[in-house]
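Letter by letter, the chains look like this.
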Amino acid sequence: MTELWPTIWLTLRLAGVTTLALIVIGTPIAWWLARSRMAYKELVAALVALPLVLPPTVLGFYLLIALGPSGPGGWIAGLWGGRTLAFSFTGLVIGSVLSSLPFMVQPLRIAFEAIGEETLEVARTLGAKPHQILLRIGLPLALPGFAAGSVLTFAHTVGEFGVVLMLGGNITGETRVLSVAIYDYVERLQWTEAHLIALGMVVFSFLVVSLTMLANRRVVRAW
Amino acid sequence: MRPLIALALLASTALPAGAATITAAFAANFTAPAEALAEAFAAETGHEIRLSFGATGGLYTQIAQGAPFDLFLAADDVRPALAIAEGLGVEGSVFTYAIGRLALYAPEAEAADETLLSSSFTRLAVADPQAAPYGRAAVETLAALGLGEALADRLVTGQTIAQALQFVKTGNAELGFVALSQVIAEPSATYWLVPDTLHSPIRQDAVLLSDSAEPEAASQFLAFLRSDAGRAIIEAFGYGVD
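Just so we're clear, the structure is a prediction, and the values are computed from it rather than from any experiment. Every residue gets a number counted from 1 within its own chain, in the order that chain's sequence is written. Think of it this way: whatever chain is written first is A, whatever ligand is written first is 1, and the rest follow in order. Per-residue local features of the predicted model are confined to residues with pLDDT of at least 70, and side-chain atom pairs are confined, for both listing and counting, to 80 or more; whole-chain, interface and lining totals are unaffected and use all residues. Note that the side-chain values use all heavy atoms of the structure and ignore hydrogens as well as water.

Undergrad: Help me out: how do you make sense of the overall build of chain B in this one?
TA: We count a stretch as a helix when DSSP gives it H or I for four or more residues in a row; a strand needs E for two or more, and each element gets its number in order from the N terminus. Each helix and strand counted, chain B has 10 helices and 10 strands in total. For chain B, the spread of C-alpha atoms along the three principal axes comes to 75 × 40 × 30 Å. The buried label goes to any residue with under 20% of its type's maximum accessible area, the exposed label to any with over 50%, and the partly exposed label to all in between, with areas taken from a 1.4 Å probe on protein chains only. Across the 242 residues of chain B, 52% fall into the buried class. Contact definition: two residues touch when any of their heavy atoms are within 4.5 Å. Here the analysis covers contacts within chain B between residues at least 6 apart in sequence; of these, 77% occur between residues at least 24 apart. Computed by Shrake-Rupley with a 1.4 Å probe, the accessible areas treat only the displayed protein chains as cover when residues are assessed. With an accessible surface of roughly 10600 Å², chain B has 55% of that area assigned to carbon and sulfur atoms. Positive charges are assigned to Lys and Arg, negative charges to Asp and Glu, while His and the chain termini are left out of the count. Every charge is mapped onto a representative atom, which is NZ of Lys, CZ of Arg, CG of Asp or CD of Glu. Here chain B contributes 11 positively and 27 negatively charged side chains, and the mean placements of these two sets differ by 2 Å.

Now the structure itself:
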């Protein structure tokens, strides 16, 4: 059990960093998708939603090349003397941000759209500048969306398997996360450990999903 | 009616009497020779072999859960012995069909062994030493060379020997311990054949499974692996034979 702690801690750290990164990256994308009148915005929306339907192996394969020495990842790693971003925590964060993108952007977009044009119109006529509208009206009113997006992103990253498997290199404390650890234990016939983590994952996921549903009900009632 | 009869006659002559289809679960490192063996065997006997490839540990788990395989051709001698002990395999059917050779693959380096010994690299790919025999052999080799501790934090672990090769091929690791069979078609300057005195032998054992629906045809294939024709194919792909 003690050998599992670095793995559990790493998994939580990866999910936490990915969620924070996606709040920063996802908010402007979702705001633009909700507010823009451009016809081609749905193409961007489709691009954002792609990780929902693509096999993780597609993302993993592209990332393994893109993060490697002949891709942009290798160039970035070169800035601090490395030669690849694969097999690193940074690499996993990049992979997780991409694969969890729709789980953040989708709830945020819905929340932003729910605010309604009139509310923003009123703010505008009262002299609010665009960034004030976003910060003082958009973000506070979209809080339930942020909550839902964060919980989903966090949970999805904890459950991410394919991408991590393909570009992690399975290094304890750096890239070995819980979902990969289960796979290893089953492969090595260490079913006790596999059972332990698997049950833990079921309980965790159930808690997350039921919390989200309860929160949704409260939000709906509060309205 | 007559064309139908002709068709039936044709069909019956195309396949030798009693041609069977058997399913064999092969260790992933043996993909290329397995395909060649299946083809040669089909030409000789008319029996068709469906090939299923995977990591030995994963295949064993599937077999333990009732996967419909006739044969299990592992990358080690542990899982087939375990299969017998658990009643999943037919007693007396186990034998070593191939002896794996470990190679250190470094396509970009001048000499793979010197790169390893001088530690002039950042990442060394190996297969999971606890699940894959080639991974275990790699770790044993590092220990025999006195490099085990010095290089421990440069190791990246693939689930299988195939993933270890993939890490090197994509350039993410400069060198990796792989199976000789995987790189035998490459220029010999790109790899170093690890002396087999540096690690315990990688015995790849085969076993006939108890639940086989076609035990006769499956046994024939096992006999074919031991025949001169079969052994010649196995050796051509970079494996030793008993």
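Undergrad: How should I be thinking about the packing of aromatic side chains in this particular structure?
TA: For this analysis, a ring pair means two rings from Phe, Tyr or Trp (six-membered ring only for Trp) whose centres lie within 6.5 Å, classed as stacked if their planes differ by under 30 degrees, edge-to-face if by over 60, and tilted for the remaining angles. Scanning all chains against the criterion turns up 15 aromatic pairs over all chains. Taken together, a centroid distance of 4.7 Å and an interplanar angle of 80 degrees make the contact between Phe87 of chain A and Phe167 of chain B edge-to-face. One end of the pair, Phe87 of chain A, is in the loop between helix H4 (72-78) and helix H5 (89-115); the other, Phe167 of chain B, is in helix H7 (residues 161-169), on a second chain. Both residues of the pair, Phe87 of chain A and Phe167 of chain B, count as buried. An angle of 85 degrees between the planes, with centres 6.5 Å apart, marks the rings of Phe26 of chain B and Phe221 of chain B as edge-to-face. Taken together, the residues span a long stretch of sequence, with Phe26 of chain B in strand E1 (residues 21-27) and Phe221 of chain B in helix H9 (residues 215-226) at a distance of 195 residues. Neither residue differs from the other here; Phe26 of chain B and Phe221 of chain B are each classed as buried. In textbook terms, an aromatic cluster arises when at least three aromatic residues are bridged by ring pairs, as seen for Phe26, Phe30, Phe41, Phe53, Tyr97, Phe221, Phe224 and Tyr239 of chain B. Across the ring face of Trp31 of chain A, the terminal group of Arg35 of chain A is positioned such that the distance to the ring centre comes to 5.5 Å. Definition used: whenever NZ (Lys) or CZ (Arg) falls within 6 Å of the ring centre and also within 35 degrees of the ring normal, the charge is taken to sit over that ring. The lysine or arginine in question, Arg176 of chain A, covers the ring of Tyr185 of chain A, its NZ or CZ lying 5.5 Å from the ring centre.

Undergrad: Explain the domain arrangement of chain B here, please?
TA: A common measure of how large an interface is: the accessible area buried when the components associate. Residue and element names in this part refer to chain B. Domain boundaries in chain B define domain 1 (21-99 + 203-236) and domain 2 (102-193). Taking only C-alpha atoms, the centre of domain 1 and the centre of domain 2 are 27 Å apart. Each side of the interface is counted separately: domain 1 has 7 residues, and domain 2 has 8 residues. In short, buried area is how much 1.4 Å probe accessible area vanishes from two parts on joining, totalled over both. At the boundary of domain 1 with domain 2, total buried surface from both sides reaches about 610 Å², with 59% on carbon and sulfur atoms. It is Asn29, Ala75 and Arg79 in domain 1 that bury the most area against domain 2; as a group they hold 49% of the surface buried on that side. Every case where a carboxyl oxygen of Asp or Glu lies within 4 Å of a side-chain nitrogen of Lys or Arg is listed as a salt bridge. One can count 0 salt bridges joining domain 1 with domain 2. Where each domain begins and ends follows an automated or database-derived domain assignment.

Undergrad: Even after reading the chapter, I still don't get H9 of chain B, so can you show me in this structure?
TA: Since one α-helical turn is 3.6 residues long, residues separated by three or four positions face the same way. All names here are of chain B. Between its first and last C-alpha, H9 extends 17 Å over 12 residues, near the 16 Å set by a 1.5 Å rise per residue. Of the residues making up H9, those classed as buried are Ala217, Ala218, Phe221, Leu222, Phe224 and Leu225. Down the axis of H9, the buried set is contained in an arc of 155 degrees. They therefore lie on one face. In this analysis, the expected span of each helix is defined as 1.5 Å times one less than the number of residues it contains. Along the arc lie the directions from the helix axis toward the C-beta atoms.

Undergrad: How should the sheet that holds strand E3 (residues 71-73) of chain B be read in this particular structure?
TA: Sheet strands pair by backbone hydrogen bonding; their relative direction is either parallel or antiparallel. Residues and elements named next belong to chain B. Strands were regarded as paired on the criterion that DSSP finds at least two bridges between them. In spatial order, the strands read E2-E1-E3-E10-E4; together these 5 strands make up an open sheet with mixed pairing. With partners counted over all chains shown, the strands left at the sheet margins are strand E2 (48-54) and strand E4 (95-100), one partner each. Strand-to-strand, the axes of this sheet are offset by a mean angle of 20 degrees, without reference to chain direction. To obtain each axis, a line is fitted to C-alpha atoms, and for helices this fit is confined to the stretch in contact; angles are then taken between N-to-C directions over 0 to 180 degrees.

Undergrad: Would you explain the interface of chain B and chain A in this entry?
TA: Taken residue by residue, the interface counts 25 residues in chain B and 22 residues in chain A. Between chain B and chain A, roughly 1900 Å² of surface is buried when both sides are summed, and carbon and sulfur atoms account for 53% of that area. Broken down residue by residue, the surface that chain B buries against chain A is led by Thr61, Gln159 and Asn172 of chain B, which jointly contribute 30%. Scanning the region where chain B abuts chain A turns up 1 salt bridge. N or O atoms within 3.5 Å of each other form a polar contact, as long as, within protein, one can give a hydrogen and the other can take it, and as long as residues adjacent in sequence are counted only when both atoms are side-chain atoms. Run the count over chain B and chain A and you get 4 residue pairs in polar contact (both at pLDDT 80 or more). With 4 residues, the single largest contributor to the side of chain B that touches chain A is helix H3 (residues 56-64) of chain B. Of the residues belonging to the side of chain B that touches chain A, the class tally is 8 nonpolar, 13 polar and 4 charged. Three classes are used: nonpolar for Ala, Val, Leu, Ile, Met, Phe, Trp, Tyr, Cys and Pro, charged for Asp, Glu, Lys and Arg, and polar for all others, with Gly counted as polar.

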